[in-house]
Amino acid sequence: ACDGTSAMTECGAGFYAAAGARACSACGDDKQYSSSGASSCSTCPPGSYTSGGDSATHTTCSQCPAGHSCDGSSVQTACVAGMSADVGASACSPCLAGTHSRADQSGCDDCGADNMWSENEADSCSVCRAGDFTSGGTSATHTSCAECPAGWACDGTSVKTECGAGFYAAAGSSACSTCGNDKQ
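Conventions we followed
- Residue numbers here run from 1 along each chain, matching the order of that chain's written sequence.
- Local features in a predicted model are, by the rule used here, given only for residues with pLDDT of at least 70; side-chain atom pairs are given and counted only at 80 or more, and totals for whole chains, interfaces and linings are based on all residues.
- Hydrogens and waters are ignored; side-chain quantities use all the structure's heavy atoms.
- Each helix corresponds to a stretch of at least 4 residues labelled H or I by DSSP, and each strand to a stretch of at least 2 residues labelled E; elements are numbered beginning at the N terminus.
- With the radius of gyration taken over C-alpha atoms, the globule rule is written as 2.2 Å times the number of residues to the power 0.38.
- Each residue is assigned to one of three classes by its accessible area relative to the maximum for its type, calculated with a 1.4 Å probe on protein chains only: buried under 20%, partly exposed between the two thresholds, exposed over 50%.
- Reported accessibility uses the Shrake-Rupley method at a 1.4 Å probe radius. Residues are deemed covered only where the shown protein chains occlude them.
- Stacked, edge-to-face and tilted are the three classes for Phe, Tyr and Trp ring pairs, Trp counted by its six-membered ring, which pair at centre distances within 6.5 Å; planes under 30 degrees apart are stacked, over 60 edge-to-face, the rest tilted.
- Ring-over charges, as used throughout, are those where CZ of Arg or NZ of Lys falls within 6 Å of the ring centre and within 35 degrees of the ring normal.
- Note on definitions: a residue-residue contact is assigned when non-hydrogen atoms from the two residues lie within 4.5 Å.
- When two cysteine sulfur atoms lie within 2.5 Å, the pair is treated as a disulfide.
- In this text, buried Ala, Val, Leu, Ile, Met, Phe, Trp, Tyr and Cys residues form a nonpolar core when linked through side-chain atoms within 4.5 Å.
- Criterion for a salt bridge: a side-chain nitrogen of Lys or Arg within 4 Å of a carboxyl oxygen of Asp or Glu.

### Let's talk about the overall build of the chain
Right, on to step 1. Within the chain one finds zero helices and 20 strands.
Right, on to step 2. Taken against the 2.2 N^0.38 rule, which gives 16 Å for 184 residues, the C-alpha radius of gyration of the chain at 30 Å runs more than 25% over that of a compact globule.
Right, on to step 3. Seen through its principal axes, the chain has C-alpha atoms that stretch 120 × 20 × 15 Å.
Right, on to step 4. In the chain, buried positions account for 30% of the 184 residues.
Right, on to step 5. Counting every atom, the chain has about 9,800 Å² of accessible surface; 49% of that belongs to carbon and sulfur.

As structure tokens, then:
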């Protein structure tokens, strides 16, 4: 910036002076930043955040950390449980059924066992109890748990065992039972 004399003053970080300007000006926006000697301010893009200085004089723009979303301002919003974000994300993404995440997590984890399942945006996986069976997804990412049908035995995993001749099971059973002696 030129002050009218022969002296030139370099603007500090967070400020700028266009060619011929007499004074330095603050970038003036939470999404804008500059380094020392800048002739203009730059806009921090979505997936990044501003820092340094104050809300009108930011000095840096950095990539958003994992587990957070950033809109280019100084705000880093932590993902809630059941949502996740990789480094540089502008939005948190939901965990799909069969997976889960805790808050501030960079990715979703598989439920991981044949007797575990979850719905979309889950913060944890649920255990499918004996007498029910898991289905959908893979053995590590089941998406539902339902009651075992009559005539079948279920142990809480994806395995359903049909009762053979002379055996029966009511709906929701974990084992087949003998029919007994019907000659009496």
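Having seen the model, we can carry on.
### Re the packing of aromatic side chains
Right, on to step 1. If you walk through the whole model with that rule in mind, you get zero aromatic pairs.
Right, on to step 2. If you follow Lys-160 out to its NZ or CZ, it ends over the ring of Phe-133, 4.5 Å from the centre.
Right, on to step 3. Its end group placed over the ring of Trp-152, Lys-160 keeps NZ or CZ at 5.8 Å from the ring centre.

### Thoughts on the environment of Thr-161
Right, on to step 1. Looking at the element boundaries, Thr-161 is found in strand 18 (residues 160–162).
Right, on to step 2. Looking at Thr-161, the relative accessible area reads 42%, which means it is partly exposed.
Right, on to step 3. Note: C-alpha distance between Thr-161 and Ser-174 (13 residues apart in sequence) is 9.2 Å.
Right, on to step 4. Apart from residues no more than four positions distant in its own chain, Thr-161 is found in contact with Gly-151, Trp-152, Ala-153 and Cys-176.

### Observations concerning the state of the cysteines
Right, on to step 1. Scanning all chains against the criterion turns up ten disulfides.
Right, on to step 2. Of the cysteine sulfurs around Cys-179, a residue in no disulfide, the closest is that of Cys-163, at 8.6 Å.

### Thoughts on the nonpolar core
Right, on to step 1. Cys-79, Met-83, Ala-85, Ala-89 and Cys-92 together form the largest nonpolar core, which totals five residues.
Right, on to step 2. For Met-83, the residues in contact, after removing those within four places along its chain, are Cys-92, Ser-93, Pro-94, Cys-95, Ser-101, Arg-102, Gln-105 and Glu-121.

### Digging into unusual backbone geometry
Right, on to step 1. With phi around 65 degrees, Asp-104 is a residue other than glycine that occupies positive phi space.
Right, on to step 2. A relative accessible area of 42% means that Asp-104 is categorised as partly exposed.
Right, on to step 3. For Glu-121, which is not glycine, the phi dihedral falls at a positive 60 degrees.
Right, on to step 4. Among the structural elements, Glu-121 can be located in the loop between strand 13 (116–117) and strand 14 (126–127).

### Details of the pattern of salt bridges
Right, on to step 1. Applying the stated criterion to the full structure yields one salt bridge.
Right, on to step 2. Its salt-bridge partner being Asp-132, residue Arg-129 comes within 3.5 Å of it at the nearest N-O pair.
Right, on to step 3. When its relative accessible area of 48% is taken as the criterion, Arg-129 is described as partly exposed.

All quantities given are derived from atomic positions and should not be read as evidence of function.
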